[in-house]
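# Chains, contacts and geometry: an overview
The lines below spell out each chain.
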Amino acid sequence: MKRWSVVRNGEPLQCLEYPDPKPSGTEILLEVTHCGVCHSDLHFQKGSFDMGGGQVMKITDRGVKLPCAPGHEIVGRVVALGPDAEGVKIGDQRIVYPWIGCGKCELCLSDRENLCYKPNSLGVIRDGGFGTHVVVPNSTYLVEFGGLDPALASTFACSGTTVHSAIQKLMPLERDKPILLVGAGGLGLAAISVLRALGHKRMIVVDISAEKRTAALKAGASDAVDSSGDREKVVANILESAGGLLPAAIDFVNISQTVSIALECLGKNGKLVLVGVGGGDFNLSLAGMIFRPRSIIGTITGSREDLRAVVALAQSGKLPPVPVTRMPKDSANEALELLKTGKVVGRLVLEELPA
Ligand SMILES: [Zn+2]
Ligand SMILES: [Zn+2]
């Protein structure tokens, strides 16, 4: 088998060859047919996160051992079963739930595996979908997606699941209330799509890229505001679009400027959910949080239930598809470079090479 792996942080991926893995116990071996390319894969390649206050967290501090292949939006075909594996058969194509934990703690046993303190996530901690094969511990990590395009379905493993989980943290929220979405990359567009499927009508999107703002409007955003330039002006433009302070915001960028803008736009009891890992820090007026009470909520990916919910929305025909650009599986480096330029609209998905 092959894996396109990070060998040294900051350098292009290398194609490494390994013997085909033999699943043991309940393990299942899948041939990767599709793998979405996420901004987190760029962070994984770079190898560090800006934690604010001059602090940096390295991926090796999180238990990653290089070489390691990124890729956590995986769809694969079952090619081998461990002797005790159940629930799937050879040839079945499934979405892989990549947010694997220790499998034993209270969080893992209550479908909050994405919050496990000993994460073992595919393409984040251990080898992921930028390769020909991937192994999962058992069939509970595999989700059926009958009737859906596998390239689109792969994006549900991270972007779909993550936005569904973030949106749930804003609920309950009346469907005609405005929601601020910061960033119209893959996750921003996925959020518009899931919010529309849930019946929400007023998504105000901000982005610095004119191309991405156009994509957001095309995807169903009610307004798109340019977030480049003067902060006061950006806030004023958002408030004008919303007709006043907003009850809810999701920040898919999550850097000092975007968080400061989003918080300024929230009214009393407004909620801001932080999703991006742009990083940094910002000053918060503590008394300001009392006189205009607001909540800041962090979120990381989502549960298997979130993934299943997104698949069900898509199968019901209510979920408008996010634009997907397909690239051959062996062009992972080109895909990461393209994502780095900030010009990708929707999601890039690496696809199996024709036999
Ligand atoms: Zn991701
Ligand atoms: Zn656990």
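Please refer to the structure placed before this passage.
Residues numbered from 1 in each chain as written. Chains lettered and ligands numbered in written order. Predicted model: local features only at pLDDT ≥ 70, side-chain atom pairs only at ≥ 80, totals over all residues. Heavy atoms only, no water.

### Remarks on unusual backbone geometry
- A cis amide bond links Leu66 to the next residue, Pro67, at an omega of 0°.
- Structurally, Pro67 can be placed in the loop between β5 (55-58) and β6 (73-81).
- Residue Pro172 follows Met171 across a cis peptide bond; omega there is 0°.
- Here Pro172 shows up in the loop between α2 (150-168) and β10 (179-182). (Helix = DSSP H or I, 4+ residues; strand = E, 2+ residues; numbered from the N terminus.)

### Focus: the side chain of His200
- Mapped onto the elements of the fold, His200 is located in the loop between α3 (186-197) and β11 (203-207).
- Other than its neighbours up to four places away in sequence, His200 contacts Met171, Leu173, Glu174, Arg175, Ile179 and Leu195. (Contact = heavy atoms within 4.5 Å.)

### Describing the coordination of the zinc ion (ligand 2)
- The zinc ion (ligand 2) binds to the protein through Cys102 (SG), Cys105 (SG), Cys108 (SG) and Cys116 (SG), with metal-donor distances spanning 2.3 to 2.4 Å.
- Going along the chain, you hit the donors of the zinc ion (ligand 2) in the pattern C-x2-C-x2-C-x7-C.
- Under the relative-accessibility criterion, Cys105 is labelled partly exposed at 22%.
- For Cys108, a relative accessible area of 6% gives the class buried. (Donors = N, O, S within 2.8 Å, 3.2 Å for Na, K, Ca; no water. Buried < 20%, exposed > 50% of the residue type's maximum accessible area, 1.4 Å probe, protein only.)

### Notes on the environment of Arg326
- With respect to the helices and strands, Arg326 occurs in strand β16 (residues 324-328).
- Taking relative accessible area as the criterion, Arg326 reaches 41% and is therefore assigned partly exposed.
- Remark: the alpha-carbon pair of Arg326 and Glu352, spanning 26 residues in sequence, is separated by 9.9 Å.
- Ignoring anything within four residues of it in the chain, the contact list for Arg326 reads Asp149, Ala151, Val349 and Glu351.
- Here the side chain of Arg326 touches Asp149 through a polar contact of 2.7 Å, side chain to side chain.
- Polar contacts involving the side chain of Arg326 include one to the side chain of Glu351, which spans 2.7 Å. (Polar contact = N/O pair within 3.5 Å; in protein donor to acceptor, adjacent residues only side chain to side chain.)

### Thoughts on the packing of α2 against α3
- In the contact formed by α2 and α3, the axes pass within 9 Å of each other and the chain directions differ by 60°. Of the possible angle classes, the one that applies to α2 and α3 is oblique. Seen from above, α2 lies across α3 with right-handed handedness. The residues of α3 that touch α2, namely those facing Ser159, Thr162, Val163, His164 and Ile167, are Leu187, Ala190, Ala191, Val194 and Leu195.
- Tallied by class, the residues present in the contact of α2 with α3 amount to seven nonpolar, three polar and no charged. (Axes fitted to C-alpha atoms, helices over the stretch in contact; angles between N-to-C directions. Parallel < 35°, antiparallel > 145°, perpendicular 65-115°, else oblique. Left-handed = near helix turned anticlockwise from the far one by under 90°. Nonpolar A, V, L, I, M, F, W, Y, C, P; charged D, E, K, R; others polar.)

### Quick word on the coordination of the zinc ion (ligand 1)
- Cys38 (SG), His72 (NE2) and Cys158 (SG) make up the full set of protein donors to the zinc ion (ligand 1), lying at 2.0 to 2.2 Å.
- Mapping the donors of the zinc ion (ligand 1) onto the primary sequence gives the spacing C-x33-H-x85-C. Placement of the pair is Cys38 in the loop between β3 (28-37) and α1 (39-46) and His72 in the loop between β5 and β6, with a sequence separation of 34 residues. The pair Cys38 / His72 is uniform in exposure class, with both members buried.

### So, α2
- Over its 19 residues, α2 extends 25 Å from the first C-alpha to the last, a length consistent with the 27 Å expected when each residue adds 1.5 Å.
- Of all the bends in α2, the greatest, near 55°, is centred on Phe156.
- Most of α2 is tucked away: 18 of the 19 residues are buried.
- Two or three places before Ala151, at the start of α2, stands the capping residue Asp149, its side-chain oxygen 3.0 Å from that residue's backbone nitrogen. (Expected span 1.5 Å × (residues − 1). Bend = angle between axes of the 7 residues up to and from the residue.)

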